[in-house]
Every structure is written in structure tokens, then in C-alpha cells.
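What the coordinates show
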Amino acid sequence: MGTSVIKALKYLLLFNISLTFIYTNEVSASPVTLPAAKMSRRLVAVQGMVYCKSCKYSGINTLLEASPLQGATVKLACNNTKRGVTMETKTDKNGYFFMLAPNKLTTYAFHTCRAWATNPGPAAATVTCTVPSQLNNGTTGAMLKPSKSINIAERGYVLFSVGPFAFEPACTR
Ligand SMILES: *[C@@H]1O[C@H](CO)[C@@H](O)[C@H](O)[C@H]1NC(C)=O
Ligand SMILES: *[C@@H]1O[C@H](CO)[C@@H](O)[C@H](O)[C@H]1NC(C)=O
């Protein structure tokens, strides 16, 4: 009789200890979860334009009389992790580019990204727009400016803008 009471007490004590253990673990884990912050985390899309500057304004920081450059390469690089993220895209016939960054890059790390116009592309050969312009940090790397939230294939993105970038025409005024 006496031993079974002690046995029951022992089980009760063990049960109590494990409950306390679970409880403490839950409490210590709770500050790590930030549901509100997680909800605002979105993916990164980047857009912009690339132009060939007018001969008239070669070397001057303006896009007056500039023309859209098709096939120019724009590079995005981010130090969001140790290995980072890099990607490239090309402008369309309107000089416009749009890219969706890999999913491992979220809006939390957008400030670690820079974008450049790296190559003027084949269209530049006919107009000799070959030298990258520093306009809007086109050679040193432009920071991403958030413009709006968009959904693509039911995924939340923030669309960032860079540039407009330009290449200098090789001509004498
Ligand atoms: C990433 O970090 C490296 C090393 O510090 C630096 O050279 C590079 O410019 C950085 N890239 C960006 C996009 O900030
Ligand atoms: C351009 O670079 C300068 C110097 O690093 C920086 O202060 C400025 O914010 C940059 N602007 C953009 C749009 O990247």
C-alpha cells in the first residue's frame, strides 16, 4: 500500500517536472518568433531604364535627347549572405529592364544590393555608346529605391527602381 502511494507521487513529480520543462522551453523560444515582421518580408524585383546619351551632351549629366538602349546588360549584386546573390538581365527595345531576384533575397536585405549597367550590348555598336556613365551611380553601383508592392504568381514582391543608367557616346561635340 505504502509503496504504491510513493510510486504515484514519483510519477506525479516526474510529470510535473516535464511540464515545467516544456513550459520553460516555450517561454524562452517565444521572443525569437516575430510573426508581424515575417509577414512584411517580401521578395525583390528590380526595374529601370538604360539610355544612350546624345552626342550633344556627351560628358554632361543629363538624359536630354538620349535614346533607349536595347540589349544593354544590367547587373544586380547583393551581400545579403556570405556568398551573396548576383544576376544579370538585358534591356528590351524600349531600354527597359525588369528582374526578379532569387528567393533567397528578401526585402530585409535590399540595402546590401547595388545595380550597374555593365555592358551596352550590340545596339551600341551602331551608335558607338560604349562608355558607362556615372549618371545615377551607373558605374559605382546604384542603391535600390522601393517603388511599390506587387504580386507575381501569388508571391509578394517589392518592386525597386534604379537608374536610369546611361552610356556615353563616343563622339566629339
Ligand atoms: C559586397 O562585399 C564585398 C566585400 O566587402 C564588396 O567588395 C562588394 O562591393 C560588396 N557588394 C555590394 C553589392 O555591396
Ligand atoms: C550614389 O552614391 C553615393 C555615394 O556612395 C551615395 O551617397 C548615394 O546615395 C548613391 N545614390 C544612389 C541612388 O545609389
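Data block above holds the structure.
Presented here is an overview of the structure given in this document.

So, how was this worked out
- Residues numbered from 1 in each chain as written.
- Chains lettered and ligands numbered in written order.
- Predicted model: local features only at pLDDT ≥ 70, side-chain atom pairs only at ≥ 80, totals over all residues.
- Heavy atoms only, no water.
- Pairing = 2+ DSSP bridges.
- Helix = DSSP H or I, 4+ residues; strand = E, 2+ residues; numbered from the N terminus.
- Axes fitted to C-alpha atoms, helices over the stretch in contact; angles between N-to-C directions.
- Disulfide = S-S within 2.5 Å.
- Buried < 20%, exposed > 50% of the residue type's maximum accessible area, 1.4 Å probe, protein only.

**Considerations on the sheet that holds strand 6 (residues 113-119)**
The three strands are arranged 4-3-6 in an open sheet whose pairing can be described as antiparallel. Edge positions in the open sheet fall to strand 4 (85-90) and strand 6, since each of these has one partner strand only. Taken pair by pair, the neighbouring strands of this sheet meet at an average axis angle of 20 degrees, ignoring direction. The pairing of strand 3 (residues 73-78) with strand 4 spans six bridges and is antiparallel.

**Points about the state of the cysteines**
Covalently bonding the sulfur atom of one cysteine to the sulfur atom of another cysteine gives a disulfide. Under the counting rule described, the total for this entry stands at two disulfides. Covalent S-S linkage joins C52 and C129, the inter-sulfur distance amounting to 1.9 Å. Across the S-S bond of C52 and C129 the torsion is about 80 degrees, and the bridge reads as right-handed. Of the two residues, C52 is situated in strand 1 (residues 43-52) and C129 in strand 7 (residues 129-132); the sequence distance between them amounts to 77 residues.

**Some remarks on the pairing of strand 9 (residues 155-161)**
Along strand 9, five of the seven residues are buried, which leaves the element largely enclosed by surrounding structure. As paired elements, strand 1 and strand 9 share five bridges and run parallel to each other. When the bridges of strand 9 are listed, V44 appears paired with V158. Here strand 8 (residues 145-152) runs beside strand 9; their pairing, made up of seven bridges, is antiparallel. If you follow N151 over to strand 9, its bridge partner there is G156. As consecutive antiparallel partners, strand 8 and strand 9 are separated by two residues, and within that stretch A153 has a phi angle of approximately 50 degrees, a positive value.

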